[in-house]
Amino acid sequence: MTGPATSPTPVIAIVGAGLVGSGWALVFARAGLRVQIFDPVAEVRARILPWARESAAALAEAGLIADVGAVIGRLQVVDTLEAVLDGAAYVQESVFERVEVKTDICRAIDALMAPDTIVGSSSSGIPASRFTEGCAHRGRFLIAHPVNPPHLAPVVELVPAPWTDADALEGARELMHAVGQVPVTLTREIDGFVLNRLQGALLNEAWALYDEGYASLADIDATISHGLGLRWAFMGPFETIDLNAPGGIVDYAARLGGMYHAMAQSRTPRAWPEETIRRAGAERRAALPEADLAARRAWRDKALTGLAAFKKASGLAP
(Lines give C-alpha, C1' and ligand atoms only; values in the text may rest on other atoms or scores of the structure.)
Protein backbone atom coordinates (compact mmCIF):
# COMPACT_ATOMS: atom_id res chain seq x y z
CA MET A 1 0.00 0.00 0.00
CA THR A 2 0.93 3.60 -0.48
CA GLY A 3 1.38 5.72 2.65
CA PRO A 4 1.50 4.22 6.14
CA ALA A 5 0.50 0.79 4.85
CA THR A 6 4.11 0.27 3.73
CA SER A 7 4.68 -0.76 7.38
CA PRO A 8 5.30 -4.52 7.70
CA THR A 9 2.19 -4.87 9.88
CA PRO A 10 -0.31 -2.12 9.02
CA VAL A 11 -3.27 -1.59 11.32
CA ILE A 12 -6.69 -2.11 9.76
CA ALA A 13 -9.80 -0.39 11.11
CA ILE A 14 -13.26 -1.93 10.70
CA VAL A 15 -16.10 0.56 11.14
CA GLY A 16 -19.44 -1.21 11.28
CA ALA A 17 -19.27 -4.82 12.43
CA GLY A 18 -22.39 -6.58 11.20
CA LEU A 19 -22.13 -9.65 8.98
CA VAL A 20 -20.04 -7.87 6.35
CA GLY A 21 -17.78 -5.93 8.70
CA SER A 22 -17.07 -8.99 10.85
CA GLY A 23 -16.22 -11.00 7.75
CA TRP A 24 -13.80 -8.27 6.69
CA ALA A 25 -12.12 -8.44 10.11
CA LEU A 26 -11.39 -12.14 9.53
CA VAL A 27 -10.03 -11.43 6.05
CA PHE A 28 -7.38 -9.09 7.41
CA ALA A 29 -6.61 -10.99 10.61
CA ARG A 30 -5.99 -14.31 8.88
CA ALA A 31 -3.56 -12.48 6.57
CA GLY A 32 -1.48 -11.50 9.61
CA LEU A 33 -2.65 -7.90 10.08
CA ARG A 34 -3.74 -6.28 13.33
CA VAL A 35 -7.41 -5.35 13.17
CA GLN A 36 -9.27 -2.79 15.29
CA ILE A 37 -13.05 -3.12 15.17
CA PHE A 38 -15.77 -0.65 16.11
CA ASP A 39 -19.54 -0.69 15.93
CA PRO A 40 -21.68 1.97 17.63
CA VAL A 41 -24.04 -0.71 18.99
CA ALA A 42 -22.71 -2.41 22.14
CA GLU A 43 -24.71 -5.56 21.45
CA VAL A 44 -23.06 -5.92 18.06
CA ARG A 45 -19.60 -5.36 19.56
CA ALA A 46 -20.27 -8.15 22.07
CA ARG A 47 -21.01 -10.64 19.28
CA ILE A 48 -17.88 -10.02 17.21
CA LEU A 49 -15.29 -12.18 18.95
CA PRO A 50 -17.57 -15.20 19.63
CA TRP A 51 -18.61 -15.19 15.97
CA ALA A 52 -15.00 -14.79 14.84
CA ARG A 53 -13.83 -17.75 16.96
CA GLU A 54 -16.56 -19.99 15.55
CA SER A 55 -15.90 -18.90 11.98
CA ALA A 56 -12.12 -19.19 12.31
CA ALA A 57 -12.53 -22.70 13.73
CA ALA A 58 -14.55 -23.66 10.64
CA LEU A 59 -11.80 -22.25 8.41
CA ALA A 60 -9.18 -24.22 10.34
CA GLU A 61 -11.21 -27.42 10.05
CA ALA A 62 -11.27 -26.94 6.28
CA GLY A 63 -7.51 -26.34 6.19
CA LEU A 64 -7.86 -22.67 5.23
CA ILE A 65 -6.05 -21.29 8.29
CA ALA A 66 -3.50 -22.92 10.59
CA ASP A 67 -3.83 -21.19 13.97
CA VAL A 68 -7.21 -20.01 15.22
CA GLY A 69 -5.70 -18.46 18.35
CA ALA A 70 -3.26 -16.35 16.35
CA VAL A 71 -6.04 -15.05 14.10
CA ILE A 72 -8.34 -14.15 17.00
CA GLY A 73 -5.40 -12.59 18.83
CA ARG A 74 -5.07 -10.01 16.06
CA LEU A 75 -8.65 -8.76 16.60
CA GLN A 76 -9.32 -5.92 19.03
CA VAL A 77 -12.83 -4.61 19.63
CA VAL A 78 -12.88 -0.96 20.72
CA ASP A 79 -15.62 1.32 22.00
CA THR A 80 -15.09 4.55 20.05
CA LEU A 81 -14.45 5.76 16.54
CA GLU A 82 -11.35 7.59 17.75
CA ALA A 83 -9.90 4.36 19.12
CA VAL A 84 -10.59 2.31 15.99
CA LEU A 85 -8.90 4.88 13.74
CA ASP A 86 -5.82 5.21 15.94
CA GLY A 87 -2.84 4.30 13.75
CA ALA A 88 -5.01 2.83 10.99
CA ALA A 89 -3.49 2.69 7.51
CA TYR A 90 -6.71 1.38 5.95
CA VAL A 91 -10.33 1.70 7.04
CA GLN A 92 -13.10 -0.62 5.87
CA GLU A 93 -16.44 1.10 6.41
CA SER A 94 -19.44 -1.27 6.49
CA VAL A 95 -22.32 0.72 7.98
CA PHE A 96 -25.97 0.65 6.92
CA GLU A 97 -26.56 1.09 3.18
CA ARG A 98 -28.17 4.53 3.13
CA VAL A 99 -26.66 7.71 1.72
CA GLU A 100 -27.30 9.79 4.83
CA VAL A 101 -25.82 7.14 7.15
CA LYS A 102 -22.72 6.74 5.01
CA THR A 103 -22.36 10.49 4.66
CA ASP A 104 -22.39 10.94 8.43
CA ILE A 105 -19.87 8.17 9.15
CA CYS A 106 -17.52 9.23 6.36
CA ARG A 107 -17.48 12.81 7.62
CA ALA A 108 -16.76 11.51 11.13
CA ILE A 109 -13.94 9.31 9.82
CA ASP A 110 -12.63 12.20 7.72
CA ALA A 111 -12.35 14.42 10.82
CA LEU A 112 -10.20 11.86 12.66
CA MET A 113 -8.17 10.02 10.02
CA ALA A 114 -4.55 10.57 9.06
CA PRO A 115 -4.19 12.40 5.71
CA ASP A 116 -2.72 9.36 3.93
CA THR A 117 -5.13 6.73 5.32
CA ILE A 118 -7.22 4.92 2.71
CA VAL A 119 -10.95 4.42 3.36
CA GLY A 120 -12.87 1.72 1.49
CA SER A 121 -16.66 1.51 1.72
CA SER A 122 -18.52 -1.80 1.55
CA SER A 123 -21.37 -0.04 -0.29
CA SER A 124 -23.06 -2.61 -2.52
CA GLY A 125 -24.37 -0.20 -5.12
CA ILE A 126 -24.18 3.45 -4.02
CA PRO A 127 -21.18 5.24 -5.59
CA ALA A 128 -18.75 6.99 -3.23
CA SER A 129 -19.38 10.36 -4.89
CA ARG A 130 -22.80 10.45 -3.21
CA PHE A 131 -21.43 10.41 0.32
CA THR A 132 -17.79 11.59 0.27
CA GLU A 133 -17.91 14.87 -1.66
CA GLY A 134 -17.91 16.97 1.50
CA CYS A 135 -14.92 15.20 3.06
CA ALA A 136 -11.68 17.15 3.41
CA HIS A 137 -9.73 13.99 2.50
CA ARG A 138 -12.18 12.86 -0.17
CA GLY A 139 -9.31 11.76 -2.42
CA ARG A 140 -8.61 8.92 0.03
CA PHE A 141 -12.15 7.45 -0.17
CA LEU A 142 -13.37 4.80 -2.61
CA ILE A 143 -15.69 1.81 -2.83
CA ALA A 144 -14.34 -1.59 -1.76
CA HIS A 145 -17.44 -3.74 -2.15
CA PRO A 146 -17.15 -7.43 -1.21
CA VAL A 147 -19.42 -10.39 -1.70
CA ASN A 148 -21.07 -11.44 1.55
CA PRO A 149 -19.44 -13.11 3.44
CA PRO A 150 -16.11 -11.56 2.42
CA HIS A 151 -13.95 -14.13 4.26
CA LEU A 152 -15.43 -16.88 2.07
CA ALA A 153 -16.05 -15.10 -1.26
CA PRO A 154 -12.86 -13.24 -2.23
CA VAL A 155 -13.91 -10.83 -4.99
CA VAL A 156 -13.82 -7.11 -4.11
CA GLU A 157 -15.04 -4.35 -6.41
CA LEU A 158 -12.84 -1.26 -6.22
CA VAL A 159 -14.67 1.78 -7.58
CA PRO A 160 -13.08 5.24 -7.48
CA ALA A 161 -15.08 8.43 -7.09
CA PRO A 162 -14.17 11.12 -9.66
CA TRP A 163 -11.84 12.63 -7.04
CA THR A 164 -10.26 9.44 -5.65
CA ASP A 165 -6.46 9.68 -5.70
CA ALA A 166 -4.81 7.23 -8.09
CA ASP A 167 -2.42 6.09 -5.36
CA ALA A 168 -5.33 5.43 -2.98
CA LEU A 169 -6.97 3.17 -5.57
CA GLU A 170 -3.69 1.39 -6.24
CA GLY A 171 -2.99 1.09 -2.51
CA ALA A 172 -6.37 -0.54 -1.93
CA ARG A 173 -5.76 -2.91 -4.83
CA GLU A 174 -2.33 -3.90 -3.48
CA LEU A 175 -3.79 -4.49 -0.02
CA MET A 176 -6.58 -6.70 -1.35
CA HIS A 177 -4.10 -8.78 -3.31
CA ALA A 178 -1.87 -9.05 -0.23
CA VAL A 179 -4.69 -10.40 1.98
CA GLY A 180 -5.84 -12.98 -0.56
CA GLN A 181 -8.86 -11.21 -2.03
CA VAL A 182 -9.53 -10.78 -5.75
CA PRO A 183 -9.78 -7.06 -6.56
CA VAL A 184 -11.84 -6.04 -9.58
CA THR A 185 -11.15 -2.42 -10.51
CA LEU A 186 -13.77 -0.32 -12.29
CA THR A 187 -12.59 2.59 -14.40
CA ARG A 188 -15.40 4.88 -13.20
CA GLU A 189 -18.62 4.93 -11.18
CA ILE A 190 -21.89 3.27 -12.14
CA ASP A 191 -24.83 2.46 -9.85
CA GLY A 192 -24.65 -1.16 -8.69
CA PHE A 193 -21.06 -1.53 -9.95
CA VAL A 194 -20.39 -4.80 -11.83
CA LEU A 195 -21.50 -7.50 -9.41
CA ASN A 196 -24.96 -6.22 -8.57
CA ARG A 197 -25.69 -5.14 -12.12
CA LEU A 198 -24.99 -8.72 -13.23
CA GLN A 199 -26.91 -10.14 -10.29
CA GLY A 200 -29.72 -7.67 -10.91
CA ALA A 201 -30.09 -8.75 -14.54
CA LEU A 202 -30.43 -12.37 -13.42
CA LEU A 203 -32.81 -11.49 -10.57
CA ASN A 204 -35.03 -9.37 -12.81
CA GLU A 205 -35.43 -12.25 -15.24
CA ALA A 206 -35.96 -14.75 -12.40
CA TRP A 207 -38.73 -12.58 -10.92
CA ALA A 208 -40.35 -12.20 -14.35
CA LEU A 209 -40.33 -15.95 -15.01
CA TYR A 210 -41.82 -16.61 -11.58
CA ASP A 211 -44.41 -13.81 -11.87
CA GLU A 212 -45.56 -15.14 -15.24
CA GLY A 213 -45.90 -18.67 -13.90
CA TYR A 214 -43.24 -20.38 -15.98
CA ALA A 215 -41.56 -22.13 -13.02
CA SER A 216 -41.51 -22.28 -9.22
CA LEU A 217 -38.92 -20.56 -7.06
CA ALA A 218 -37.39 -23.94 -6.28
CA ASP A 219 -37.03 -24.89 -9.94
CA ILE A 220 -35.58 -21.51 -10.88
CA ASP A 221 -33.09 -21.83 -8.02
CA ALA A 222 -32.21 -25.38 -9.14
CA THR A 223 -31.45 -24.08 -12.63
CA ILE A 224 -28.68 -21.97 -11.14
CA SER A 225 -27.43 -24.17 -8.29
CA HIS A 226 -27.30 -27.36 -10.38
CA GLY A 227 -26.63 -25.75 -13.76
CA LEU A 228 -25.20 -22.30 -14.47
CA GLY A 229 -23.78 -21.93 -10.97
CA LEU A 230 -21.58 -25.01 -11.30
CA ARG A 231 -19.61 -23.37 -14.09
CA TRP A 232 -19.77 -19.91 -12.57
CA ALA A 233 -18.05 -21.22 -9.43
CA PHE A 234 -14.74 -21.23 -11.31
CA MET A 235 -15.19 -19.22 -14.51
CA GLY A 236 -17.20 -16.22 -15.64
CA PRO A 237 -19.74 -15.70 -18.44
CA PHE A 238 -17.24 -14.75 -21.13
CA GLU A 239 -15.01 -17.78 -20.56
CA THR A 240 -18.14 -19.93 -20.32
CA ILE A 241 -19.36 -18.99 -23.79
CA ASP A 242 -15.81 -19.07 -25.17
CA LEU A 243 -15.74 -22.78 -24.31
CA ASN A 244 -19.31 -23.48 -25.42
CA ALA A 245 -18.82 -23.10 -29.17
CA PRO A 246 -16.32 -24.88 -31.44
CA GLY A 247 -14.81 -21.58 -32.59
CA GLY A 248 -14.90 -19.82 -29.23
CA ILE A 249 -16.56 -16.59 -28.17
CA VAL A 250 -16.93 -15.08 -31.66
CA ASP A 251 -18.49 -18.30 -32.95
CA TYR A 252 -20.85 -18.38 -29.95
CA ALA A 253 -21.95 -14.79 -30.57
CA ALA A 254 -22.62 -15.59 -34.23
CA ARG A 255 -24.70 -18.62 -33.32
CA LEU A 256 -26.69 -17.30 -30.34
CA GLY A 257 -26.30 -13.53 -30.16
CA GLY A 258 -29.54 -12.97 -32.06
CA MET A 259 -31.46 -15.23 -29.69
CA TYR A 260 -30.23 -13.36 -26.63
CA HIS A 261 -31.02 -10.00 -28.24
CA ALA A 262 -34.56 -11.13 -29.02
CA MET A 263 -35.06 -12.31 -25.43
CA ALA A 264 -33.85 -8.97 -24.10
CA GLN A 265 -36.18 -7.11 -26.48
CA SER A 266 -39.13 -9.10 -25.14
CA ARG A 267 -38.71 -7.60 -21.67
CA THR A 268 -39.67 -4.14 -20.43
CA PRO A 269 -37.96 -3.31 -17.13
CA ARG A 270 -40.41 -2.92 -14.26
CA ALA A 271 -40.50 -3.05 -10.48
CA TRP A 272 -40.90 -6.43 -8.88
CA PRO A 273 -44.68 -6.79 -8.28
CA GLU A 274 -45.69 -6.55 -4.62
CA GLU A 275 -48.16 -9.44 -4.87
CA THR A 276 -45.52 -11.62 -6.52
CA ILE A 277 -43.07 -10.74 -3.74
CA ARG A 278 -45.64 -11.77 -1.13
CA ARG A 279 -46.27 -15.04 -2.97
CA ALA A 280 -42.52 -15.70 -3.20
CA GLY A 281 -42.16 -14.95 0.50
CA ALA A 282 -44.87 -17.45 1.37
CA GLU A 283 -43.26 -20.07 -0.86
CA ARG A 284 -39.84 -19.54 0.72
CA ARG A 285 -41.20 -19.56 4.29
CA ALA A 286 -43.03 -22.82 3.53
CA ALA A 287 -39.69 -24.28 2.39
CA LEU A 288 -37.66 -22.61 5.16
CA PRO A 289 -39.39 -21.19 8.25
CA GLU A 290 -38.12 -17.81 9.41
CA ALA A 291 -36.82 -19.39 12.62
CA ASP A 292 -34.47 -21.54 10.52
CA LEU A 293 -32.90 -18.72 8.51
CA ALA A 294 -29.85 -18.37 10.78
CA ALA A 295 -29.18 -22.12 10.67
CA ARG A 296 -29.47 -22.09 6.89
CA ARG A 297 -27.00 -19.18 6.69
CA ALA A 298 -24.60 -21.28 8.76
CA TRP A 299 -25.17 -24.15 6.30
CA ARG A 300 -24.41 -21.77 3.43
CA ASP A 301 -21.20 -20.61 5.07
CA LYS A 302 -20.13 -24.22 5.69
CA ALA A 303 -20.76 -25.03 2.03
CA LEU A 304 -18.81 -21.94 0.92
CA THR A 305 -15.97 -22.93 3.26
CA GLY A 306 -15.86 -26.37 1.66
CA LEU A 307 -15.92 -24.84 -1.81
CA ALA A 308 -13.09 -22.46 -0.88
CA ALA A 309 -11.06 -25.41 0.40
CA PHE A 310 -11.74 -27.37 -2.81
CA LYS A 311 -10.72 -24.42 -5.00
CA LYS A 312 -7.52 -23.99 -2.97
CA ALA A 313 -6.67 -27.70 -3.25
CA SER A 314 -7.46 -27.68 -6.97
CA GLY A 315 -5.37 -24.61 -7.76
CA LEU A 316 -8.47 -22.54 -8.56
CA ALA A 317 -8.16 -20.12 -5.64
CA PRO A 318 -6.54 -16.69 -6.03
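Below, the structure is looked at part by part. (Residues numbered from 1 in each chain as written. Predicted model: local features only at pLDDT ≥ 70, side-chain atom pairs only at ≥ 80, totals over all residues. Heavy atoms only, no water.)

By the definition in use, this model includes 4 aromatic pairs. Where tryptophan 24 meets phenylalanine 28, the ring centres are 5.5 Å apart and the plane angle is 15°; that geometry is what we call stacked. Here tryptophan 24 and its partner phenylalanine 28 are both found in helix 1 (residues 19-30), 4 residues apart, which amounts to about one turn of the helix. Residue tryptophan 24 is classed as buried on the basis of its relative accessible area, which comes to 0%. Classification of phenylalanine 28 by relative accessible area gives buried; the value is 0%. Note on tyrosine 252 and tyrosine 260: the rings are 6.3 Å apart at their centroids and 25° apart in plane angle, and the pair reads as stacked. Judged by relative accessible area, tyrosine 252 falls into the buried class, the value being 11%. Residue tyrosine 260 is classed as partly exposed on the basis of its relative accessible area, which comes to 40%. Positioned over the ring face of phenylalanine 131 is lysine 102, at 5.9 Å from the centre of the ring. (Phe/Tyr/Trp six-rings, centres within 6.5 Å; stacked < 30°, edge-to-face > 60°. Helix = DSSP H or I, 4+ residues; strand = E, 2+ residues; numbered from the N terminus. Buried < 20%, exposed > 50% of the residue type's maximum accessible area, 1.4 Å probe, protein only. Lys NZ or Arg CZ within 6 Å of the ring centre and 35° of its normal.)

Now for the environment of aspartate 211. For aspartate 211, the position within the fold is in helix 7 (residues 195-211). A relative accessible area of 23% means that aspartate 211 is categorised as partly exposed. Placed 21 residues apart in sequence, aspartate 211 and isoleucine 190 show a C-alpha to C-alpha distance of 28 Å. Among residues more than four places away in sequence, those in contact with aspartate 211 are Arg270, Pro273, Thr276 and Arg279. One polar contact links aspartate 211 to threonine 276, side chain to side chain, over a distance of 2.5 Å. (Contact = heavy atoms within 4.5 Å. Polar contact = N/O pair within 3.5 Å; in protein donor to acceptor, adjacent residues only side chain to side chain.)

Spatial ordering of the open sheet is given by 3-2-1-4-5-6-7-8, a layout of 8 strands whose pairing is mixed. Strand pairing shows two members of the sheet lacking a second neighbour, strand 3 (75-77) and strand 8 (182-185), which therefore form its edges. Between one strand axis and the next, the sheet turns through 25° on average, direction left out of account. In this sheet, strand 4 (residues 88-93) lies alongside strand 1 (residues 11-15) in parallel orientation, the contact comprising 5 bridges. For isoleucine 12, the partnering residue across the bridge sits in strand 4 and is tyrosine 90. In the packing of helix 2 (residues 42-61) onto the sheet, contacts are made with strand 2 (34-38) and strand 3, and the angle to strand 3 comes to roughly 160°. Helix 6 (residues 166-178) rests against strand 1, strand 4, strand 5 (118-121), strand 6 (141-146), strand 7 (155-160) and strand 8 of the sheet, and its axis sits at about 155° to strand 8. (Pairing = 2+ DSSP bridges. Axes fitted to C-alpha atoms, helices over the stretch in contact; angles between N-to-C directions.)

All right, on to the packing of helix 1 against helix 2 then. Running from N to C, helix 1 and helix 2 cross one another at 55°; their axes reach a closest spacing of 10 Å. By the angle between their axes, helix 1 is oblique relative to helix 2. Between helix 1 and helix 2 the crossing geometry is right-handed. Listed contacts from helix 2 to Ser22, Gly23, Leu26 and Arg30 of helix 1 are Ile48, Trp51, Ala52, Ser55, Ala56 and Leu59. (Parallel < 35°, antiparallel > 145°, perpendicular 65-115°, else oblique. Left-handed = near helix turned anticlockwise from the far one by under 90°.)

One pass over the full model with this rule turns up 1 cavity of 30 Å³ or more. Looking at the largest cavity, its volume works out to about 30 Å³. In terms of lining residues, the largest cavity is bounded by Glu93, Cys106, Val119, Gly120, Ser121, Ala128, Phe131, Thr132, Phe141 and Leu142. Put simply, the parts of the chain that give the lining of the largest cavity at least two residues each are strand 5 and strand 6. Ranked by the residues each element gives to the lining of the largest cavity, the list is headed by strand 5, at 3 residues. Residue classes in the lining of the largest cavity are distributed as 6 nonpolar, 3 polar and 1 charged. (1 Å grid on protein atoms, 1.4 Å probe; cavity = no way out; pocket = protein on both sides within 12 Å on 5 of 7 lines; lining within 4 Å. Points joined across faces, edges and corners; volume = space filled by probe spheres on them. Nonpolar A, V, L, I, M, F, W, Y, C, P; charged D, E, K, R; others polar.)

For strand 4, the tally of buried residues reaches 6 of 6 residues, placing the bulk of the element in the interior. In terms of strand pairing, strand 4 meets strand 5 through 4 bridges, oriented parallel. Opposite glutamate 93, over in strand 5, you have serine 121 as the bridge partner.

Where like charges cluster on the molecular surface, the positive patch consists of Arg284, Arg285, Arg296 and Arg297. Among the secondary structure elements, those contributing two or more residues to the positive patch are helix 11 (274-287) and helix 12 (293-313). Among the structural elements, arginine 284 can be located in helix 11. Arginine 284 gets classed as partly exposed once you look at its relative accessible area, which sits at 34%. (Patch = residues over 30% accessible without salt bridge, like charges linked within 9 Å, V, L, I, M, F, W, Y side chains within 5 Å. Areas by Shrake-Rupley, 256 points an atom, 1.4 Å probe, with all protein chains shown as cover. Salt bridge = Lys/Arg side-chain N within 4 Å of Asp/Glu carboxyl O. Lys, Arg positive; Asp, Glu negative; His and termini not counted. Charge placed at Lys NZ, Arg CZ, Asp CG, Glu CD.)

What follows is about the nonpolar core. Core analysis: the biggest nonpolar cluster contains 34 residues, and Ile12, Ile14, Phe28, Val35, Ile37, Leu75 and Tyr90 have the highest contact counts within it. Elements with a minimum of two residues in this core: strand 1, helix 1, strand 2, helix 2, helix 3 (68-73), strand 6, strand 7 and helix 6. At 6 residues, the largest contribution of residues to this core is made by helix 1. The contacts of isoleucine 12, once residues within four sequence positions are left out, are Phe28, Leu33, Arg34, Val35, Gln36, Tyr90 and Leu175. Of all hydrophobic cores here, the second largest spans 26 residues; its members include Val84, Val95, Cys135 and Trp163. (Core = buried A, V, L, I, M, F, W, Y, C linked by side-chain atoms within 4.5 Å.)

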